[in-house]
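# A closer look at the structure
The lines below spell out each chain.
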Amino acid sequence: MTKKILIVGSSNTDLVVKTDHIPAPGETILGEDCIMAAGGKGANQAVAAARLGGDVAFIASVGDDMFGKQSLDNFAREKMDCSHIKTVPGASSGIALICVDKDGENSIVVAPGTNYMLKPEDVSEDVIPADGFVLMQLEIPIETIESVAAKAKAKGAKVVLNPAPATPLSEKLLDGLYMITPNRGECATLTGIPTDTDEGLEKAMCRFLELGVKNVVVTLGSKGSCWKNAEGSGKVATMKVKAVDTTGAGDTFNGALCVALSEGKTLETAVEFASRAAAISVTRMGAQPSIPFRSEVEM
């Protein structure tokens, strides 16, 4: 039986400009047309999980401005429960300014807006699915993340933390996490262990396990991903594709990963499924517009 997935996190509107290269400090360059698209790590992951077949509820905070209203309209078109999203009158919704170069790599600046107004009391214990999954990121207040994690652990829900953007995490939060899903750089930042070699990456993953995390999955971009827990470890290659825009690829990966796990798939199979979904997403522009549907991933 498929388990429920609660996603608590950010909702942004992305303003994306495609350029030949990402500008250096003080450099002004000409780009192509500006694309406005729905984004935010939490929203991206919720949309990904919903499109890929998950039973999803999403909690976020938006303003009553144009961007917030547009986000709510977008969520209404996705098959997920958005009844607990908070709207803050007179406040500005989150905005992300994204520059994407000719190779699909990006540089992002986020103005959090109402994302930082999502408080612990905005996520009641009743909404947390017992025996289900709770997926969070780090674009909302850390006290909210810690509160939700504590409530989820108490109810027996499996907490998955995508630690992006990387920020210091307490040992109390890490202890008992079902899973953490950093990329290589975030893995190094959070553990203090250099991960530019395979040996260093192995040590960093072991450090998370020592701190009480049950499963560690590290995304490696075009090199795939790797996983480790007390029972074993493995590495999964990704499909070879022509990257157009990597924005939202990690979010697609996380949403897909939780869907596969909620269906009872093994960790390795879940990582393989997530890798395919993420690979498809980088072949398209935008965060949420690039997220594939289940039929595309299983073709």
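Procedures and definitions
Throughout this description, residue numbers start from 1 for each chain and increase along the sequence as written. For this predicted model, a pLDDT threshold of at least 70 governs which residues receive local features, and a threshold of 80 or more governs which side-chain atom pairs are given and counted, while totals over whole chains, interfaces and linings are taken from all residues. Just so you know, side-chain values use all the structure's heavy atoms and leave hydrogens and water out. Think of it this way: any DSSP run of H or I at least four residues long counts as a helix, any run of E at least two long counts as a strand, and we number them from the N terminus. Throughout, exposure labels follow a simple rule: accessible area from a 1.4 Å probe, protein chains only, divided by the maximum for the residue type, with under 20% read as buried, over 50% as exposed, and the rest as partly exposed. By definition in these notes, contact holds between two residues if any of their heavy atoms fall within 4.5 Å. Residues scored as charged are limited to Lys and Arg (positive) and Asp and Glu (negative), so that His and the chain ends carry no count. Every charge is mapped to an atom, namely NZ of Lys, CZ of Arg, CG of Asp or CD of Glu. Stacked, edge-to-face and tilted are the three classes for Phe, Tyr and Trp ring pairs, Trp counted by its six-membered ring, which pair at centre distances within 6.5 Å; planes under 30 degrees apart are stacked, over 60 edge-to-face, the rest tilted. Charge-over-ring contacts are defined here by two conditions on Lys NZ or Arg CZ: a distance within 6 Å of the ring centre and an angle within 35 degrees of the ring normal. For the purposes of these results, a polar contact is taken to be a pair of N or O atoms within 3.5 Å, where, inside protein, one atom must be able to donate a hydrogen and its partner to accept one; residues adjacent in sequence count only when each atom of the pair is a side-chain atom. When DSSP finds at least two bridges between two strands, those strands are taken to pair. Helix axes are fitted to C-alpha atoms over the stretch in contact, other axes to C-alpha atoms as well, and angles between N-to-C directions run from 0 to 180 degrees. Should an angle fall under 35 degrees it is called roughly parallel, over 145 degrees roughly antiparallel, and 65 to 115 degrees roughly perpendicular, with every other angle called oblique. Definitions for this section: a left-handed crossing has its near helix turned counterclockwise from the far helix by less than a right angle. A right-handed crossing has that turn clockwise. Salt bridge criterion: a side-chain nitrogen from Lys or Arg within 4 Å of a carboxyl oxygen from Asp or Glu.

Another aspect to go through is the overall build of the chain. Per the secondary structure count, the chain includes 9 helices and 14 strands. For the chain, buried positions account for 53% of its 299 residues. If you take every contact in the chain between residues at least 6 apart in sequence, the share linking residues at least 24 apart comes to 66%. The positive charge centre, built from 29 side chains, and the negative charge centre, built from 38, are 4 Å apart in the chain.

Summed over the entire model, instances satisfying the criterion amount to 2 aromatic pairs. Centroid distance phenylalanine 58 to phenylalanine 75: 5.4 Å. Interplanar angle 80 degrees. Geometry classified as edge-to-face. Of this pair, phenylalanine 58 sits in strand 4 (residues 55–59) while phenylalanine 75 sits in helix 2 (residues 66–76), placing them 17 residues apart in sequence. Residue class for phenylalanine 58 comes out buried when judged on its relative accessible area of 1%. With relative accessibility at 3%, the residue phenylalanine 75 sits in the buried group. Considering the side-chain rings of phenylalanine 133 and tyrosine 178, the 5.8 Å spacing of their centres and the 80 degrees angle between planes classify their relative orientation as edge-to-face. On the criterion of sequence distance, the pair formed by phenylalanine 133 in strand 9 (residues 133–136) and tyrosine 178 in the loop between helix 4 (171–174) and strand 11 (179–180) is long-range, its members being 45 residues apart. A relative accessible area of 3% means that phenylalanine 133 is categorised as buried. The aromatic ring of phenylalanine 133 is capped on one face by lysine 158, whose charged end is 5.7 Å from the ring centroid.

As a further point, take the side chain of threonine 247. Tracing the sequence through the fold places threonine 247 in the loop between strand 14 (232–236) and helix 7 (249–262). According to the relative accessible area criterion, threonine 247 is buried, its value standing at 6%. Side chain to side chain, threonine 247 and asparagine 106 meet in a polar contact 3.2 Å long. Engagement of the side chain of threonine 247 in a polar contact is seen with the side chain of aspartate 245, the distance being 2.7 Å. If near-sequence neighbours (up to four positions away) are discounted, threonine 247 is found in contact with Asp14, Ile98, Val100, Asn106, Gly286, Ala287 and Ser290.

Let us now look at the sheet that holds strand 8 (residues 106–111). Sheet strands line up and pair through hydrogen bonds in the backbone, either parallel or antiparallel. Taken together, 4 strands build an open sheet; the order of strands is 3-2-7-8 and the sheet is mixed. Among the strands making up the open sheet, the edge pair consists of strand 3 (34–39) and strand 8. Direction aside, neighbouring strands of the sheet carry axes that sit 20 degrees apart on average. As paired strands, strand 7 (residues 94–100) and strand 8 are joined by 6 bridges and run antiparallel to one another. Each bridged residue has a counterpart across the sheet, and for leucine 97 the counterpart in strand 8 is valine 109. Its contacts with the sheet put helix 2 on strand 2 (12–18), strand 3 and strand 7, and the angle it makes with strand 3 is roughly 60 degrees.

The strand order across the open sheet built from 8 strands is 4-1-9-10-11-12-13-14, with neighbouring strands paired in mixed fashion. Edge positions in the sheet fall to strand 4 and strand 14, since each has one partner strand and no second. Bridge count between strand 1 (residues 4–8) and strand 9: 4 bridges; the pairing is parallel. When the bridges of strand 9 are listed, leucine 6 appears paired with valine 134. The sheet contacts of helix 3 (residues 142–155) involve strand 1, strand 9 and strand 10 (158–161), and relative to strand 9 the element is tilted by about 170 degrees. The strands that helix 6 (residues 198–210) touches are strand 11, strand 12 (215–219) and strand 13 (225–229); relative to strand 13, the one it contacts most, it runs at about 40 degrees.

Once that is clear, we can look at the packing of helix 5 (residues 184–191) against helix 6. Two numbers describe a pair of packed helices, the interaxial angle and the distance between the axes. For the pair helix 5 and helix 6, interaxial distance at closest approach is 10 Å and the crossing angle is 60 degrees. Looking at the two axes, helix 5 sits oblique to helix 6. Classified by chirality, the crossing of helix 6 by helix 5 is left-handed. On the side of helix 5, the interface is formed by Arg184, Cys187, Leu190 and Thr191, while helix 6 contributes Asp198, Leu201, Ala204, Arg207 and Phe208.

Two side chains with opposite charge may pair up if their charged atoms get near one another. Taken as a whole and assessed by the stated rule, the structure comprises 12 salt bridges. Close ionic contact of glutamate 78 with arginine 51 constitutes a salt bridge, the shortest N to O distance being 2.9 Å. Remark: arginine 51 occurs in helix 1 (residues 41–51) and glutamate 78 occurs in the loop between helix 2 and strand 6 (86–88); sequence separation between them is 27 residues. The class for glutamate 78 is buried, based on a relative accessible area of 14%. A salt bridge links glutamate 202 to lysine 228, with the nearest nitrogen and oxygen atoms 2.9 Å apart.

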